[in-house]
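# Chain and residue survey
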Amino acid sequence: MIPRLWYITDGERGTAGRPLREVVERAAAGGVEAVLLRERALSTAELAQLVAALAPLRAGGLRLLISRRLDLARALELDGVQLAADAVPLAEARAWLGTDALIGYSAHQPDEARRVAREGASYVMLSPIYSTESKPGAVARGPEWLQQITPGLAIPALALGGITPERTHEVCKAGAWGVAAVSAIGAAPDVAEAARRFQKSLAEIH
């Protein structure tokens, strides 16, 4: 089953300057089910060290994915990879990682989401739903946009972009299976409590 609550790391913006390992541990303690590593500034060696440090959390059920890096997803035996329009084709990623891997796709158009569903993506991440500081120039699509895409979509959709615990109800009622957040979890004063609030909202929907 595709996790419903995701934390996406994004350098210091996603942790409020705190150690990433510490933030991930707190997020998992609060109920985050999957972590997507989006750490452009970390070297391959640093990413490998981080993954090794998170092994106990993975043994406890946390799913760990990485953005774009098929090589690391395979070498470090991660749970999957997140792709986008400028990444390798989905079929190639599936052949490289195997049938059990979670292969997500970041989509910004309805046709794009439906296409990757046909091509074998495990889930699609749709954004930005609301205005977000990480993409100041992007146009917020709103929950109504989800309602245009999710009916009949063959794979789960995750909502990203300005998502908060309070907005989780709205996006899930619009068709999202789950939600993903960066600073709303990782930069929160109490990371575990922020994750618990998200999980409480999800539990009231599903």
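Please refer to the structure placed before this passage.
Notes on the structure in this doc start here. Worth saying up front: this structure is predicted, and the values here are computed from it rather than measured. Per-chain numbering applies: the sequence of each chain, read as written, is numbered from 1 onward. Reporting in this predicted model follows two pLDDT cut-offs: at least 70 for local features of residues, and 80 or more for side-chain atom pairs to be given and counted; totals over whole chains, interfaces and linings ignore these cut-offs and use all residues. Values shown for side chains rest on all heavy atoms present in the structure; no hydrogens or waters enter the calculation.

## Thoughts on the sheet that holds strand 1 (residues 5-8)
Applied cut-off: For two strands to pair, DSSP has to find at least two bridges joining them. Numbering of helices and strands runs from the N terminus; a helix is a DSSP stretch of H or I covering at least four residues, while a strand is a stretch of E covering at least two. Between N-to-C directions, angles cover 0 to 180 degrees, with each direction set by a line fitted to C-alpha atoms, over the stretch in contact for helices. Should any heavy atoms of two residues lie within 4.5 Å, those residues are considered in contact.
With respect to topology, eight strands assemble into a closed barrel ordered 1-2-3-4-5-6-7-8, the strand pairing being parallel. For this sheet, the mean inter-axis angle between neighbouring strands, taken without regard to orientation, is 25 degrees. In this structure, strand 3 (residues 63-67) lies alongside strand 4 (residues 80-83), joined through three bridges in parallel fashion. Residue I66 lies in a different strand from strand 4, and its bridge partner there is V81. Sheet contacts for helix 5 (residues 90-97): strand 4 and strand 5 (102-107); angle to strand 5, the most-contacted strand, approximately 160 degrees.

## Some remarks on the layout of surface pockets
We apply this condition: A cavity here means a set of 1 Å grid points, computed over protein atoms only, where a 1.4 Å probe fits but cannot escape. A pocket is an open set with protein on both sides within 12 Å along at least 5 of 7 lines, and lining residues have an atom within 4 Å of a point. Grid points are joined across faces, edges and corners, and a volume is the space filled by probe spheres set on the points. Side-chain classes follow a simple rule in which Ala, Val, Leu, Ile, Met, Phe, Trp, Tyr, Cys and Pro form the nonpolar group, Asp, Glu, Lys and Arg form the charged group, and the remainder, Gly included, forms the polar group.
The calculated volume of the largest pocket comes to roughly 710 Å³. Taken together, 35 residues form the lining of the largest pocket, with I8, D10, R38, R40 and V182 sitting closest to its centre. Sorting the residues of the lining of the largest pocket by element identifies strand 2 (34-37), strand 3, strand 4, strand 8 (178-181) and helix 9 (183-186) as the ones contributing at least two each. Of the residues in the lining of the largest pocket, the class split is 15 nonpolar, eleven polar and nine charged.

## Things to note about the packing of aromatic side chains
Spelled out, the test is: Ring pairs shown here join Phe, Tyr and Trp side chains whose ring centres sit within 6.5 Å, with only the six-membered ring taken for Trp; geometry is labelled stacked below 30 degrees between planes, edge-to-face above 60, and tilted in between. Burial classes: relative accessible area under 20% of the type maximum marks a residue as buried, over 50% as exposed, and values in between as partly exposed (1.4 Å probe, protein chains only). Distance and angle both matter: a charge sits over a ring if NZ of Lys or CZ of Arg is within 6 Å of the ring centre and within 35 degrees of the ring normal.
Counted by the stated rule, this structure contains one aromatic pair. Taking the centre distance of 4.9 Å and the plane angle of 50 degrees together, the rings of W6 and Y123 count as tilted. Of this pair, W6 sits in strand 1 while Y123 is found in strand 6 (residues 123-126), placing the two residues 117 residues apart along the sequence. Assessed through its relative accessible area of 0%, W6 is described here as buried. When the ring centre of W96 is taken as reference, the NZ or CZ atom of R74 above it lies at 4.2 Å. The cationic tip of R141 hangs over the ring face of W145; the distance from NZ or CZ to the ring centre is 4.7 Å.

## What to know about helix 10 (residues 191-205)
In plain terms, the rule: Between the first and last residue of a helix there are one fewer steps than residues, each counted as 1.5 Å, and that sum is the expected span.
Taking 1.5 Å per residue as the helical rise, helix 10 with its 15 residues ought to reach 21 Å, and the 22 Å between its terminal C-alpha atoms agrees with that figure. Those residues of helix 10 lying buried are V191, A192, A194, A195, F198, Q199, S201 and L202. Those residues of helix 10 hidden inside the fold are in contact with strand 1, helix 1 (20-30), helix 8 (165-173), strand 8 and helix 9.

## Remarks on the packing of helix 1 against helix 10
Each packed pair of helices is defined by two parameters, the angle between the axes and the distance between the axes. What counts, and what does not: Definitions for this section: a left-handed crossing has its near helix turned counterclockwise from the far helix by less than a right angle. A right-handed crossing has that turn clockwise.
Between helix 1 and helix 10, the shortest axis-to-axis distance is 7 Å and the interhelical angle comes to 35 degrees. Crossing handedness for the pair helix 1 and helix 10: right-handed. Contacts between helix 1 and helix 10 involve V23, R26, A27, A29 and G30 from the first element and V191, A192, A195, R196 and Q199 from the second. Split by residue class, the contact of helix 1 with helix 10 holds six nonpolar, two polar and two charged.

## Thoughts on the pairing of strand 7 (residues 157-160)
Every other side chain in a regular strand lies on the same face of the sheet, so the side chains alternate between the two faces. Burial of the side chains of strand 7 extends over both faces: A157 and A159 are buried on one face and L158 and L160 on the other. Bridge analysis of strand 6 against strand 7 gives three bridges, and the strand direction is parallel. From the neighbouring strand, L126 faces strand 7, where its bridge partner is A159. By the bridge criterion, three bridges tie strand 7 to strand 8 in an arrangement that is parallel. Within the sheet, the bridge partner assigned to L160 lies in strand 8 and is A180.

## Describing the pattern of salt bridges
Condition: Here a salt bridge means any side-chain nitrogen of Lys or Arg lying within 4 Å of a carboxyl oxygen belonging to Asp or Glu.
With the rule as written, the count across this model stands at 14 salt bridges. For R21, the salt bridge identified is with E25, shortest N-O distance 3.1 Å. Here R21 and its partner E25 are both found in helix 1, four residues apart, which amounts to about one turn of the helix. E25 sits in the partly exposed class, given a relative accessible area of 32%. Ionic pairing is found between D79 and R58, a salt bridge with its closest N-O pair at 3.5 Å. Of this pair, D79 sits in the loop between helix 4 (70-75) and strand 4 while R58 sits in helix 3 (residues 55-59), and the two are 21 residues apart along the sequence. Assessed through its relative accessible area of 22%, R58 is described here as partly exposed.

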